[in-house]
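Each chain, written out:
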Amino acid sequence: MADRSSTSAGKKKPVSRSRRKPAGPALHYQVSMPDPASHTFKVEITLTGAADHCTLAFPAWTPGSYKLREFGKNVSSFKATGAKFEMLDKQRYRLSGIKGGNASVSFDYYADELSVRTPHLDDSHGFFLGTNVLPYLEDINAMPAKGDYTVSIKPFKGWKVATSLPTVKGKPNTWHTDDYDVLGDTPFEVGTHEVLSFSVRGIKHDVAFYGYGNYDKKRIVEDTRKIVEVQARNFGGLPYDYYLFIHHMTPDSGGGLEHLNSCVCGWPSWNFKKEEDYQKFIRLVSHEFFHVWNVKRIRPAILGPFDYSSEQHTKALWIMEGMTQYYERLWVARAGVCDADTVLKAYAETIDREDNRPGRKVMSLEDSSWLAWTKLYMADENFLNTGVSYYSRGAQVGLLLDAKIRNATDGKRSLDDVMRYAAKRYGWPKPGFPEGAWEELVEEVAGQKFTRFWNDHVKGTKELNYDEVLECYGLEMSRDKEGFEPWLGFTTSSKGGHLQVGAVHAEGPARKAGLQPRDEILALDGHKVHAKTFEDRVSELKPGSDCTLTLFRREKLVEGCLRVGRQPAGKLVLRPRKKQSPTQRRNYRKWLAKR
Ligand SMILES: [Zn+2]
């Protein structure tokens, strides 16, 4: 593994292109950052071959993150040369009076939101996605026009650029694509990041590290290589000629975002030392990388080509994200990056949490997917009672579906076959699948109808039953402690040093006693409690007894009298049976064993 000075240079690198004569309009973006501490990118766009009027539009959202983020809001000092301009709405600029097809615009772009999906510039680095900072040219349907999109970046002194776009031959720090969806999907990391590399199937992969922390970068790179290898083996190759991992390690970092040939993972700087924390991080890498196939290539038609102007709805996000959560765990086990017990523990934790969530009886996976923009991405304290996450619930259904396909085909086929088939049939750049088509793919692979399963668990809210999973792989599921423990039926949070009621479980004692989200908790049975002691104090209560909570509700002192409830003690554990049949042993091996 070599430490490269720039990810745009190297042995095997993104395909360089000579500049072609544009067939249609051409946009050349120039992004500079002369004063990083101002958090302001300077952007200039030169248009050639344009009509006498045209519209530049900033996306309202970015793929993979289903929330309106209104990237046009960060623009100021917009100017046009060789054209007049008017603002059509919050994010679109109409240029008119263009002569000879040539015009240019410039603007300042404020970037001070450090996350994997938003633009950021300060004295440590610059980061943005194409959708954040670079507007697209609208075609007659107000979708991104086909054209020549070229980006040049002038890094701050001493900084370099990591990005996954193909470079333009002979032009330093310049990249090109003829598809705005590719440009919009591309992250640009500009700074002094360290880059390590590895190769899989002759294809170069770079890993760029921004930030600091207690991580072992060589271990991360080696584990990532194993994850790439095992996924490549499943799909019979890699669908790109270069891949870039960008890791953001700062105290507040978190989350991940997938792209066509790259991903960005955020992780808190100091959360790498504990093995459990590291395993969660490497599962995030596994998750984002699996999106190379699931969502970036296999996707519902609405998720590419993209309409960036407003929310785009699909019932299939549970496949895109839930299946990816299901698989992120399989890949790390199959790659030998963690043992099977760790993976089984992760599935058991999801089952334990999600099967006790009141919202599972209210919201189906399809509804959770469809309403992602206003439910999961805007989840309030009542989402516990009225909603499910298409990530976790989708992963549970993935676990069931995989076993069901194996059982239906005597272990000859599995969800792996469905994924391969979906990639072949609908993988980008082919058109995405129509809503509802995934069910047909599963049935074709399994050779039987799954109508009831779909009605019960995808369109409906029927309780999940794990018997088929346990039988298929020879597993047993039980709790690691017998009996019950006290339960008050609410979560807590800490705000400004004050302990507060978080979400109130619809079927719990707190709900019956009238406790409300944001009540400040002062005392339990007349004695002061705070964040550090509250859980211990509750654990000493007796199920069936009464207790009193003293609270501030909007600064008024109130009391809540609760009849202490009970919940099963300990944790749910999923483990292989001591005696597995030969079929179960075979299924278990094919499912989870290192390969
Ligand atoms: Zn994801």
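Just so it is clear, the model here is predicted, and its values are computed rather than measured.

So, the domain arrangement of the chain
Thought 1: For the chain, the domain assignment lists domain 1 (26–192), domain 2 (300–480 + 577–595) and domain 3 (484–568).
Thought 2: Computed from C-alpha coordinates alone, the two centres of domain 1 and domain 2 are separated by 37 Å.
Thought 3: Across the contact, 19 residues belong to domain 1 and 15 residues belong to domain 2.
Thought 4: For the domain 1 and domain 2 pair, buried surface summed over both sides reaches about 1600 Å², with 66% attributable to carbon and sulfur atoms.
Thought 5: At the surface where domain 1 touches domain 2, the tally comes to zero salt bridges.
Thought 6: At the boundary of domain 1 with domain 2, the tally comes to six residue pairs in polar contact (both at pLDDT 80 or more).
Thought 7: Among the residues forming the side of domain 1 that touches domain 2, the class breakdown is eleven nonpolar, four polar and four charged.

Notes on the confidence of the model for the chain
Thought 1: Scored by pLDDT, the chain comes out at a mean of 95, with 96% of its residues at no less than 70.
Thought 2: Residue range residues 1–22 is modelled with pLDDT below 50. Its contacts to residues more than four positions away, or to other chains, number 64 contacts.

Here we look at the packing of aromatic side chains
Thought 1: Counted according to the given criterion, the structure contains 52 aromatic pairs.
Thought 2: Ring geometry for phenylalanine 235 versus tryptophan 293: centroids 4.3 Å apart, planes at 5 degrees, classification stacked. With phenylalanine 235 in helix H3 (residues 217–235) and tryptophan 293 in the loop between helix H4 (275–290) and helix H5 (317–334), this residue pair connects regions lying 58 residues apart in the sequence. The residues phenylalanine 235 and tryptophan 293 share a single accessibility class, namely buried.
Thought 3: Pairing tyrosine 390 with tyrosine 391 gives two aromatic rings, centres 5.2 Å apart and planes at 25 degrees, and the pair type is stacked. The residues tyrosine 390 and tyrosine 391 share a single accessibility class, namely buried.
Thought 4: Between lysine 404 and the ring centre of phenylalanine 450, over which it is positioned, the NZ or CZ distance is 5.7 Å.
Thought 5: We note arginine 566 situated over the ring of phenylalanine 484; from NZ or CZ to the ring centre the distance is 3.7 Å.

Considering the nonpolar core
Thought 1: Counting 145 residues, the largest nonpolar core has Phe41, Tyr109, Ile153, Tyr326, Leu401, Trp438 and Trp591 as its most contacted members.
Thought 2: Taken together, domain 1 (26–192) and domain 2 (300–480 + 577–595) each give at least three residues to this core, which thus spans both.
Thought 3: Apart from residues no more than four positions distant in its own chain, tryptophan 438 is found in contact with Ile298, Ile319, Met323, Leu401, Leu415, Val418, Met419, Ala422, Phe433 and Trp454.

Side note on the layout of surface pockets
Thought 1: The volume enclosed by the largest pocket comes to roughly 1300 Å³.
Thought 2: If you go around the largest pocket, you meet 35 residues; those closest to its centre are Glu485, Pro486, Trp487, Phe490 and Gln567.
Thought 3: Where the lining of the largest pocket is concerned, the elements lending two or more residues are helix H6 (340–354), strand E22 (484–487), strand E23 (490–495), helix H15 (531–539) and strand E29 (565–568).
Thought 4: Counting residues per element, the lining of the largest pocket draws most heavily on H15, which supplies six residues.
Thought 5: For the lining of the largest pocket, the per-class residue count stands at twelve nonpolar, eight polar and 15 charged.
Thought 6: Of the domains in this structure, domain 2 (300–480 + 577–595) and domain 3 (484–568) are the two that each give at least three residues to the lining of the largest pocket.
Thought 7: Volume-wise, the second largest pocket comes out at about 610 Å³.
Thought 8: The wall of the second largest pocket is formed by 26 residues, among which Leu284, His287, Gln325, Glu328 and Tyr391 lie closest to the centre.
Thought 9: Going through the elements one at a time, strand E19 (256–258), H4, H5 and H6 are the ones with two or more residues in the lining of the second largest pocket.
Thought 10: If you tally residues by element for the lining of the second largest pocket, the top one is H4, at five residues.
Thought 11: Grouping the amino acids of the lining of the second largest pocket by side-chain chemistry returns six nonpolar, nine polar and eleven charged.
Thought 12: Counting contributing residues per domain, the lining of the second largest pocket is built from domain 1 (26–192) and domain 2 (300–480 + 577–595), each supplying no fewer than three.

Re helix H11 (residues 437–446)
Thought 1: In terms of burial, H11 is largely enclosed, as eight of its ten residues are buried.
Thought 2: Turning to H11, its buried residues number three or more, namely Ala437, Trp438, Glu439, Leu441, Val442, Glu443, Val445 and Ala446.

So, the environment of tryptophan 267
Thought 1: As for its placement among the helices and strands, tryptophan 267 is situated in strand E20 (residues 262–268).
Thought 2: Each C-alpha atom, one on tryptophan 267 and one on aspartate 252, is 7.7 Å from the other, the two residues being 15 residues apart in sequence.
Thought 3: Sequence-distant contacts of tryptophan 267, that is, excluding residues within four places in its chain, are made with His248, Met249, Thr250, Ser253, Gly254, Phe272, Asp277, Lys280, Phe281 and Leu284.

Overview of the coordination of the zinc ion
As a benchmark, a tetrahedral metal site with four donors has ideal angles of 109.5 degrees, while an octahedral site with six donors has ideal angles of 90 or 180 degrees.
Thought 1: On the protein side, the zinc ion has His287 (NE2), His291 (NE2) and Glu321 (OE) as donor atoms, found 2.0 to 2.1 Å from it.
Thought 2: For the zinc ion, all donor residues lie on one chain, and their spacing in sequence is H-x3-H-x29-E.
Thought 3: Taking relative accessible area as the criterion, histidine 291 reaches 0% and is therefore assigned buried.

Quick look at the environment of arginine 201
Thought 1: With respect to the element layout, arginine 201 can be found in the loop between strand E16 (194–200) and strand E17 (203–211).
Thought 2: In this structure the C-alpha to C-alpha distance between arginine 201 and arginine 225, which are 24 residues apart in sequence, comes to 11 Å.
Thought 3: With near-sequence residues (within four places) excluded, arginine 201 lies in contact with Ala232, Arg233, Gly236 and Gly237.

Structural notes on the pattern of salt bridges
Thought 1: This structure, assessed with the given rule, holds 35 salt bridges.
Thought 2: The closest approach of N and O atoms between aspartate 179 and lysine 146, which form a salt bridge, is 3.8 Å. In this pair, aspartate 179 sits in the loop between strand E14 (174–177) and helix H2 (180–184) while lysine 146 sits in the loop between strand E11 (136–137) and strand E12 (148–154), placing the two residues 33 residues apart along the sequence.
Thought 3: In this structure aspartate 179 comes out as buried when scored by relative accessible area, which is 16%.
Thought 4: Take lysine 146: its relative accessible area is 62%, and that puts it in the exposed class.

Rules and cut-offs
Residues numbered from 1 in each chain as written. Predicted model: local features only at pLDDT ≥ 70, side-chain atom pairs only at ≥ 80, totals over all residues. Heavy atoms only, no water. Domains from an automatic or database assignment. Contact = heavy atoms within 4.5 Å. Buried area = accessible area lost by both parts, 1.4 Å probe. Salt bridge = Lys/Arg side-chain N within 4 Å of Asp/Glu carboxyl O. Polar contact = N/O pair within 3.5 Å; in protein donor to acceptor, adjacent residues only side chain to side chain. Nonpolar A, V, L, I, M, F, W, Y, C, P; charged D, E, K, R; others polar. pLDDT = per-residue confidence, 0-100. Phe/Tyr/Trp six-rings, centres within 6.5 Å; stacked < 30°, edge-to-face > 60°. Helix = DSSP H or I, 4+ residues; strand = E, 2+ residues; numbered from the N terminus. Buried < 20%, exposed > 50% of the residue type's maximum accessible area, 1.4 Å probe, protein only. Lys NZ or Arg CZ within 6 Å of the ring centre and 35° of its normal. Core = buried A, V, L, I, M, F, W, Y, C linked by side-chain atoms within 4.5 Å. 1 Å grid on protein atoms, 1.4 Å probe; cavity = no way out; pocket = protein on both sides within 12 Å on 5 of 7 lines; lining within 4 Å. Points joined across faces, edges and corners; volume = space filled by probe spheres on them. Donors = N, O, S within 2.8 Å, 3.2 Å for Na, K, Ca; no water.

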